[in-house]
Amino acid sequence: MIILHHAWQSSASRRVRLCLEEKNLEYEGHVVDLGKLEQHSDAYKQINPLGVVPCLVHDGRPVHESGTMCEYLDETFPDPPLRPDTPYERAEMRNWVRHIDAQIQNLVTFNWKHSLQLVAQKWSDAELEEVLKKIPSKERREAWMRVARRPYTKEEEDEARANLVKLLDRMEAAMEKSGWLVGNAYSIADIAAVPFVKRIEEEIAPDEMQPNKHPRVAH
Ligand SMILES: N[C@@H](CCC(=O)N[C@@H](CS)C(=O)NCC(=O)O)C(=O)O
């Protein structure tokens, strides 16, 4: 039995949902309400001690990290295959997942502006302290602290946007050969990229997705 703990707007959750759909796998979806901080609850942290979504549970065993979950699903349910045939291309695929994951801070700069920030700004200092106590990682405590008290500035947003556009440049170059990020077929590298590219297209830098800028990525 497969259970996916996820949130609808979460890019990392989207990756795993895409992978499950590609493989036509049945699963039970458990929505984690990020606005209610369910991801930091003790019950959820027993499943994923990192206190983030998604988390895949297969036959009672949890798998963390969306890129790893996609690889796990592909190894366990190989049809249709979502990893390239050669070790070299599989290494390239994993590095794409890493490059994209490394952009998380740039995405976080925009992420919660219209949603979680509105919740977090209403907290008193005491409430904020309680929230921070339950967050397992320093990086995430900082992210919550920022949205609650020091929202990202226009300069920080511009810098984050420029970094995300650089990633689009790299993708565009990589896709020149076959139209896919790695090898000649759709793979977990593309699945990992899709939710990020969608966010850039829909809200962060729609201009960059015009045919004269990044035509292959936009396609
Ligand atoms: N590297 C992790 C990132 C997970 C992640 O950042 N999840 C976000 C949603 S996309 C989250 O749970 N944010 C809530 C929080 O940090 O409190 C993965 O790929 O699974």
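Above this note sits the structure.
Only a predicted model underlies this, so the values are computations on that prediction, with no experimental measurement involved.

(A) Main features of the site of the ligand. Val53, Glu65, Ser66, Arg140 and Trp144 are the nearest of the 13 residues found near the ligand. Contact between the ligand and His40: an oxygen atom at 2.9 Å from a side-chain N or O atom of the residue. A distance of 2.7 Å is found between a nitrogen atom of the ligand and a side-chain nitrogen or oxygen belonging to Glu65. Relative to its free-state accessible area of 510 Å², the ligand is covered by the protein chains to the extent of 91%. For the shell around the ligand, the secondary-structure elements that each account for two or more residues are helix H1 (11-22) and helix H8 (138-149). Its residues placed into classes, the shell around the ligand shows six nonpolar, five polar and two charged.

(B) Local environment of the packing of aromatic side chains. Taken as a whole, this structure holds three aromatic pairs when the rule is applied. Cluster of aromatic residues (ring-pair linked, three or more members): Trp112, Trp123 and Trp144. Across the ring face of Trp96, the terminal group of Arg170 is positioned such that the distance to the ring centre comes to 6.0 Å.

(C) Spotlight on the state of the cysteines. For the coordinates displayed, the defined rule picks out zero disulfides. Looking at Cys19, it has no disulfide partner, and the nearest cysteine sulfur is the one in Cys70, 4.0 Å off. By relative accessible area, Cys70 is classed as buried at 1%.

(D) Local environment of helix H7 (residues 125-133). Where H7 is concerned, the buried positions are Leu128, Val131 and Leu132. With its buried residues spanning 95° around the axis, H7 presents them on a single face. For H7, the exposed residues set more than 90 degrees away from the buried face come down to Ala126, Glu129 and Lys133.

Parameters at a glance
- Residues numbered from 1 in each chain as written.
- Predicted model: local features only at pLDDT ≥ 70, side-chain atom pairs only at ≥ 80, totals over all residues.
- Heavy atoms only, no water.
- Near = heavy atom within 4 Å.
- Polar contact = N/O pair within 3.5 Å; in protein donor to acceptor, adjacent residues only side chain to side chain.
- Areas by Shrake-Rupley, 256 points an atom, 1.4 Å probe, with all protein chains shown as cover.
- Helix = DSSP H or I, 4+ residues; strand = E, 2+ residues; numbered from the N terminus.
- Nonpolar A, V, L, I, M, F, W, Y, C, P; charged D, E, K, R; others polar.
- Phe/Tyr/Trp six-rings, centres within 6.5 Å; stacked < 30°, edge-to-face > 60°.
- Lys NZ or Arg CZ within 6 Å of the ring centre and 35° of its normal.
- Disulfide = S-S within 2.5 Å.
- Buried < 20%, exposed > 50% of the residue type's maximum accessible area, 1.4 Å probe, protein only.
- Arc of directions from axis to C-beta.

No statement about biological role is implied by the geometric values presented.
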